[in-house]
Every structure is written in structure tokens, then in C-alpha cells.
Amino acid sequence: MDALISGAGLLLDWQVIIALLIGSIGGVVIGAIPGVGAAVAIAILLPATFSLPPLVGLTMLLGIYGSSMYGGALPAVLLNTPGTAVNALTTYDGFPMTQRGEGRRAVALAYSSSFVGGIISIVALIALSPLLALIAPMFGSREIFLAALLGIILVVLAHRGQTFAAGMLAAFGILLHTVGLEPVNYTRRFTFDQSWLASGVDLIVVVLGLFALSQAFLLLSQPDEQPQATSVQGSVLSGLKELWLYKRVASVASGFGVMMGMVPGVGEFTAQFMSYTYAQKTSKTPEMFGKGSPEGLIASEAANNAVPAAAMIPLLALGIPGEALTAMMLSVFYVHNVIPGPQLFQNQMDFVMALYLALLLLNVLVLVFLLFSTNILTRIIQVPTRLVGIVILLLSFVGVYSLRNSMTDCVIASVFGVLGVILKRLNLPLVPIILGMVLGGIMEVKLRSSMPRVKTPLDMIDRPIAMILFALILLVIALHIRTLIREHRKG
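Please read these numbers as outputs of a predicted model, since none were measured by experiment.

Draft legend 1. Representation of the overall build of the chain in the model. If you tally the helices and strands in the chain, you get 20 helices and two strands. With respect to the three principal axes, the spread of C-alpha positions in the chain is 70 × 60 × 50 Å. Considering the chain as a whole, with its 491 residues, one finds that 56% of them fall into the buried category. Restricting the contact set of the chain to residue pairs at least 6 apart, pairs at least 24 apart contribute 79%. Accessible surface, the chain as shown: approximately 20900 Å² in total, 68% of it carbon and sulfur. A gap of 7 Å separates the mean positions of the 27 positive and 22 negative side-chain charges of the chain.

Draft legend 2. Structural view of empty space enclosed by the protein. Tallying each qualifying case throughout the model produces two cavities of 30 Å³ or more. Its volume calculated, the largest cavity comes out at about 50 Å³. Forming the boundary of the largest cavity are Gly 66, Gly 118, Ile 122, Asn 305, Pro 308, Ala 309, Leu 359, Leu 362 and Asn 363. Looking at the lining of the largest cavity, the elements that each hand over two or more residues are helix 6 (103-135), helix 13 (294-318) and helix 16 (349-380). Residues that form the lining of the largest cavity fall into these classes: five nonpolar, four polar and no charged.

Draft legend 3. Expanded view of the side chain of Thr 49. Assignment of secondary structure puts Thr 49 in helix 3 (residues 37-49). Leaving out residues up to four positions away in the same chain, Thr 49 has contacts with Gly 57, Leu 61, Val 332 and His 336.

Draft legend 4. Main features of the nonpolar core. Within the largest apolar cluster, 145 residues are counted, with the highest numbers of intra-cluster contacts made by Ile 42, Phe 211, Leu 316, Met 328, Phe 333 and Ile 392. If we skip the residues at most four places from it in the chain, Met 328 touches Ala 39, Ile 42, Ala 43, Leu 46, Val 207 and Phe 211. Membership of the second largest hydrophobic core comes to six residues, among which are Ala 253, Ala 302, Ala 303 and Val 307.

Draft legend 5. Fine view of the packing of helix 7 (residues 141-157) against helix 20 (residues 464-490). Between helix 7 and helix 20, the least distance of the axes is 9 Å, while the angle of their chain directions is 15°. Judged by the inter-axis angle, helix 7 sits roughly parallel to helix 20. When you trace helix 7 past helix 20, the crossing you get is left-handed. Where helix 7 abuts helix 20, its residues Glu 143, Leu 146, Ala 147, Leu 149, Leu 150, Ile 153, Leu 154 and Leu 157 lie against Ile 465, Ala 466, Leu 469, Leu 472, Ile 473, Val 476, Ile 477 and His 480. Within the contact of helix 7 with helix 20, the residues separate by chemical class into 14 nonpolar, one polar and one charged.

Draft legend 6. Quick look at the packing of aromatic side chains. Evaluated as defined, the whole model comprises three aromatic pairs. The interplanar angle of 90° and the centroid separation of 6.4 Å between the aromatic rings of Tyr 92 and Tyr 276 together place this pair among those described as edge-to-face. Residue Tyr 92 is found in helix 5 (residues 90-99), and its partner Tyr 276 is found in helix 12 (residues 267-282); the two are separated by 184 residues along the sequence. Pairing Phe 256 with Tyr 278 gives two aromatic rings, centres 6.4 Å apart and planes at 65°, and the pair type is edge-to-face. Linking Phe 256 in helix 11 (residues 247-262) with Tyr 278 in helix 12, this pair joins segments that are 22 residues apart in sequence. Phe 256 gets classed as buried once you look at its relative accessible area, which sits at 15%. Chaining the aromatic ring pairs together yields one cluster made of Tyr 92, Tyr 276 and Phe 289.

Draft legend 7. Local environment of the pattern of salt bridges. On inspection of all chains with the given rule, the structure shows four salt bridges. Where Arg 463 meets Glu 143, a salt bridge forms, and the shortest distance between an N and an O atom there is 2.8 Å. With Arg 463 in the loop between helix 19 (431-450) and helix 20 and Glu 143 in helix 7, the pair connects residues that are 320 residues apart, well separated along the chain. The class for Glu 143 is buried, based on a relative accessible area of 1%. A salt bridge links Arg 189 to Glu 444; its shortest N-O distance comes to 2.8 Å. Separated by 255 residues along the polypeptide, Arg 189 in strand 2 (residues 188-189) and Glu 444 in helix 19 bring together distant segments of the chain. You can call Arg 189 buried: its relative accessible area is 18%. With a relative accessible area of 14%, Glu 444 lands in the buried category. Among the charged side chains, a network of salt bridges with common partners joins Arg 189, Glu 444 and Arg 448.

Draft legend 8. Examining helix 3 more closely. Between its first and last C-alpha atoms helix 3 spans 18 Å; for 13 residues at 1.5 Å apiece the expected length is 18 Å, and the two agree. The sharpest bend along helix 3 reaches about 30° and sits at Ala 43, with the proline Pro 47 one to four residues further on. In terms of burial, helix 3 is largely enclosed, as eleven of its 13 residues are buried. If you check which residues of helix 3 are buried, you get Gly 37, Ala 38, Ala 39, Val 40, Ala 41, Ile 42, Ala 43, Ile 44, Leu 46, Pro 47 and Thr 49.

Draft legend 9. Spotlight on the packing of helix 4 (residues 54-78) against helix 13. At a minimum axis separation of 10 Å, helix 4 and helix 13 run at an interaxial angle of 175°. Put simply, helix 4 runs roughly antiparallel to helix 13. In this structure, helix 4 uses Leu 62, Tyr 65, Gly 66, Met 69, Tyr 70 and Ala 73 to contact helix 13, whose residues at the interface are Glu 301, Asn 304, Asn 305, Pro 308, Ala 311 and Met 312. Grouping the constituent residues of the contact of helix 4 with helix 13 by class yields eight nonpolar, three polar and one charged.

Draft legend 10. Here's a closer look at the side chain of Ser 396. The residue Ser 396 is located in helix 17 (residues 385-404) in this model. Ignoring anything within four residues of it in the chain, the contact list for Ser 396 reads Ile 44, Leu 208, Ala 212 and Leu 213.

Here is what the cut-offs are and how they apply
Residues numbered from 1 in each chain as written. Predicted model: local features only at pLDDT ≥ 70, side-chain atom pairs only at ≥ 80, totals over all residues. Heavy atoms only, no water. Helix = DSSP H or I, 4+ residues; strand = E, 2+ residues; numbered from the N terminus. Buried < 20%, exposed > 50% of the residue type's maximum accessible area, 1.4 Å probe, protein only. Contact = heavy atoms within 4.5 Å. Areas by Shrake-Rupley, 256 points an atom, 1.4 Å probe, with all protein chains shown as cover. Lys, Arg positive; Asp, Glu negative; His and termini not counted. Charge placed at Lys NZ, Arg CZ, Asp CG, Glu CD. 1 Å grid on protein atoms, 1.4 Å probe; cavity = no way out; pocket = protein on both sides within 12 Å on 5 of 7 lines; lining within 4 Å. Points joined across faces, edges and corners; volume = space filled by probe spheres on them. Nonpolar A, V, L, I, M, F, W, Y, C, P; charged D, E, K, R; others polar. Core = buried A, V, L, I, M, F, W, Y, C linked by side-chain atoms within 4.5 Å. Axes fitted to C-alpha atoms, helices over the stretch in contact; angles between N-to-C directions. Parallel < 35°, antiparallel > 145°, perpendicular 65-115°, else oblique. Left-handed = near helix turned anticlockwise from the far one by under 90°. Phe/Tyr/Trp six-rings, centres within 6.5 Å; stacked < 30°, edge-to-face > 60°. Salt bridge = Lys/Arg side-chain N within 4 Å of Asp/Glu carboxyl O. Expected span 1.5 Å × (residues − 1). Bend = angle between axes of the 7 residues up to and from the residue.

Encoded structure:
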């Protein structure tokens, strides 16, 4: 309780309040513009947040992360075009409702279910904090190494049908991390006597290239479009009242979001699939799913908005990001020498609580904003796509150059931008590269620090948590092999 009160005190700083307002409202606007999304916005803002105090910078990024899905639901419902990738499932039932003349009802249900999912997730996060503070100190170097290894395996296996490609891209990310001076003996690795490679490949340069520049190149290379959205008549507050009729679906979907958010590499898509499947199987009108079912819309939006808060659990407790956006936030922690993990819960619990309360407050701010600004957002949706591409391109290069005032970084970012375009054209994932760089770094540091205490291979797993993590790794791989064998026999 003392930590909660101290955390609330930290939030009262005027800089934090302004950052929360900019992040939450800006996230909604960014999410509502098709082709941008939270990943692009966070990548562009990362260099700017390095100069801000840690809580201010993280609050702004959390605001964008947690609110972009609210905005992404609007074009998904009105235009059949998801504002962010995780709003794709919303189009299945949201747009058919709009075609029936129920656009206001669909938007209202999307907002309210997102709000309920976010609040349930944050309440679960706050309730789990004492348990996390108790368990986190039990993780030593070996446990964190095994947890990071489990995370990267889950990231690879989560890309069903693209496992080999995801594994190769994750390995490429690990290779990128090893370029430059290694951290113990300061010997050069993979620099090929090139001085510009001695400092390594910067994570933020890669992030800006893969996510922001690649999206700008795609938008500029495609025909210019100006989506047309009809305005929403009437108040959307009625969605909160109607959601009570579907409280079971909303609560179960939020639960799936919390569970999947805590597992590195799984995220929104798995949570949505599970909640949508549950809602359809338990519905009295399963034939309506995909044709404008309110339950399908609620299941999708409640699940995806419950993930962001839950994804903070492995990040804060172990310093292990579960997906690209939390990996970007991890870099902000490191820049300010705030190291996520067991020590954070022991020494800076008020900081952790301030982040939790910021997540809670941003959901309230976003809902209030959306109640009065939905029709304004429908006009923002109509921004020409090439104009959006030019803005992203300009801001990305400004961000890359501001990191180290280096034109070399701009060239490297451009190369990764082209690589991102190629991967997107081939429908291959970008996330494994980023998580390979981040988790590869964690794995190297923790493995090196644990090796002096390891005399035999079994010493790596001679403690209970290490043994459990190793068993989970074997179980996950065994289940995947079993699935592959079944699919091969069916095929």
C-alpha cells in the first residue's frame, strides 16, 4: 500500500501528466490511421524519450502502446481496414454490423470491451505485484538465461507455418547483437576491420528501419488512397450498458488476454483466437460469427486490449520482453540505468506502481476522449496514405540522425528499411529479428555470468526454478514436434 501511495505521488508530476495525455490521445489518433500503428509511432519517438526522465518517457510510450488498439478499432469497424494489425479480427464482425446500419453500436461495443479488457488486465497486474516481488529475487543468472531462451523459442514457434523462417530471422537478430566490441574482453567481433562497425549495430536504428522506414517505403510505393468513413451518429456511451449483457464473453476474453500477455512471444493474436473460438462455441447464435456478431466483436477487442498490461509482467519482473513493443521500451530502461528484474521490485516498487497506475489512468483518459471525438477521428482516417508515408519517412530519419549525429546510422536504417519491405512483401515476420537482438544480448550476459558456477551441464538446472524452466523448454519443443507429426500425417 505504501508503494501504491508513493507511485501515485510520482504520477502527480506535471511532466508525467503531460506525457500521459500526449501518449494516450496520440496513441488513439495513430491507431486510427491505417498504415501507421503503435510500432511505427514508438520507433519514431524512442530517440526523443531518451532525453526525458525515465518515468516520463515510459509513460508516453505506454500511452501509445495501450491506446493505439482503441483507435485501430475505428477504421476496422467503419472501413473494414484495421488501424493496427491486432484489430484485423475486429473487421470480421465490426464491419458487417456497420453494413447493417449499426455502426454506432459496433463502435460503442469496441470501445467499451477494450476498456473492460484493459481495466481487468491492470487489476490483475496490481494484484500479482506482491507475488512477483516475492518470486523475482529467486531468479539468478541461470534462471534468467533459461527464461530468455524459452522466450525466444516461444517467439519462433508462435509463427505457425513460418517456424523455420522465424527461427532464421531470430538467429539473424542474435548475430546482429554480436557485431562490435564484445562486453568482457573488448575484442572485435564480425567487424571485418571496418571502424564504423566497431560500435555495433544499434537496436534503435534497426527498429526504426524495420518498422518505420519500411512502412514509409510501402506507403510511398503504393497508389495514393484517401479512405472515406461515414460519421457515427449518437453517443457511444451505450456500449458500456450493452456490454453488461455479454459480461461473460468480455471477462473470459480479458482473462485469455492476461494469460497470453504474460507468455513471451505469444501476444494478442493467440489471445484473440482463443477468446473468439470460445465465444463462438458457447454462443446461442454461432452462425452469426463473421456476419456481425456482437459477441465476436467483444471477444476480439477485450482480448487484444488486455495484453499490453500483462506483457509488462515478464518485462518488469525478469527484464525479458515478450514482443517488439516491450523490447523497444526495454531500451528506455537501459538508457536511464533502470534495470528491470528482481532488483527493480526490491528497490523501486514505487516506480513499478507508478507505471501500473499510468496504465489504469490512460484507459480512463482514452475512453473519455473517444466519447467526444469519434467523429473527429473519422476525418483523421481520411488522410492520404502518401502524405502519411512522407511524414513517417521524415520523422524516422530525424530520429535516426539524432541518436549519434551519424549519417552511417541513416544508411544502416535505410538498408533495414529495404529489408523490412522485402520481408513484408514475402509475408514474413519482423518481430523475431528485434527479439533476437534483445534476448540474445540478455542470454549472452547471463550465460557468461553463470558459467563460473557451472562445472557440469547439470549444474545449469540444479535449482528448482531452473529445472522448471528447462522442463518447459523441453515440453514446448516436444509439443511442437508432435503437432508437426500430426500435420504431416494428415497432409
